[in-house]
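Architecture at a glance
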Amino acid sequence: MGDITRSYARLRDYGVQVIRDEATAIDVEKKRVSLKRIEDLPYDRLVVSPAVDFMHDQIEGYNPEAQKTILHAWKAGPETVALRQQLEAMPDGGVYILSVPRAPYRCPPGPYERACQVAFYFKQAKPRSKVIVLDANEDVVSKPALFKAAWNELYKGVIEYRGNSEAKAVDARAKTVKTDFDAVRGDVLNVLPPMRAGAGAAWTGSAWNRPRTRASTCSAMRRFRRRRCPSPATWRTTTASSPPRRSSSS
Ligand SMILES: Cc1cc2nc3c(=O)[nH]c(=O)nc-3n(C[C@H](O)[C@H](O)[C@H](O)COP(=O)(O)OP(=O)(O)OC[C@H]3O[C@@H](n4cnc5c(N)ncnc54)[C@H](O)[C@@H]3O)c2cc1C
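Residues numbered from 1 in each chain as written. Predicted model: local features only at pLDDT ≥ 70, side-chain atom pairs only at ≥ 80, totals over all residues.

**Here we look at the environment of Lys178**
By the secondary structure assignment, Lys178 is in strand β9 (residues 176-178). Taking the number of C-beta atoms within 10 Å as the measure of exposure, Lys178 has 19 and is therefore partly exposed. The sequence separation of Lys178 and Glu60 amounts to 118 residues, and the corresponding C-alpha distance is 9.2 Å. Apart from the residues within four sequence positions on either side, Lys178 is in contact with Lys168, Ala169 and Ala183. (Helix = DSSP H or I, 4+ residues; strand = E, 2+ residues; numbered from the N terminus. Buried ≥ 20, exposed ≤ 12 C-beta atoms within 10 Å, placed from the backbone. Contact = placed C-beta atoms within 7 Å.)

Following this line, the structure appears as structure tokens:
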């Protein structure tokens, strides 16, 4: 991870002060953010980026014990390294299962890129191995033509894509992912749980819905999630007084 990790130190040269603390509440009336360790911070403009949380409980059997061996590796860090180690330890001829949740989820092309990356590695190091993509969505949700062309031209026989295959349950011992149709066994299970706006969207409570409070993650995902959102209030981040969105052509 070291070679892709960047320090915040240079930000100081640009007048940016970085504080390492946990935001616990936002008071949009008083324009203050409460922090866990130091006193409240006042603000004129606030950008909130609480990222995503993972809803493991939406998949039967994906409990804390199972999470020790079935990884999502969808937040860069120790899990990314652990997934790499699992793939390196997998024997040639093994099966890697990548389960994609229903959209919206963080980084729509990410799972399909990862499938390519793993297939690339298999071709070099474990040519008898296979990637099975179990996608909860009907079809590839991002750049389908591009990914399908790559799978066909570069990874034929390595990547098997199955749409409409939502992970309903996992069994860490049997190493299976169950869909509505069958139980698929793999040597490495990489199951991405459904995702929602990070906890920060909840701790802001009702304040979240008031004017000029925005969250980049929420607003990006809100466009897709309406139908499956477990807590609709969490997603109502934009109000009439929010600044206009820049058009894609500008
Ligand atoms: C496999 C993968 C590949 C990707 N590839 C690309 C790519 O090629 N290009 C691209 O543009 N994007 C890519 N993405 C998406 C990109 O990583 C995310 O969109 C981006 O990291 C989101 O940034 P963020 O700041 O919203 O969230 P994060 O990067 O998750 O940062 C949120 C931060 O907020 C902190 N935090 C949360 N709650 C609190 C709190 N209460 N108080 C204080 N801090 C808090 C967290 O600790 C975290 O550090 C990829 C994502 C994945 C998973």
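**Thoughts on the sheet that holds strand β1 (residues 23-27)**
The antiparallel open sheet is built from three strands, whose spatial order is β1-β2-β3. Two strands lie at the open edges of the sheet, namely β1 and β3 (41-42), each paired on one side alone. Inspection of the sheet shows strand β2 (residues 32-35) paired to β3 by two bridges, in the antiparallel sense. Bridge pairing links Arg32 to Pro42 in β3. (Pairing = 2+ DSSP bridges.)

Without other data, these values stay purely geometric and don't point to any function.
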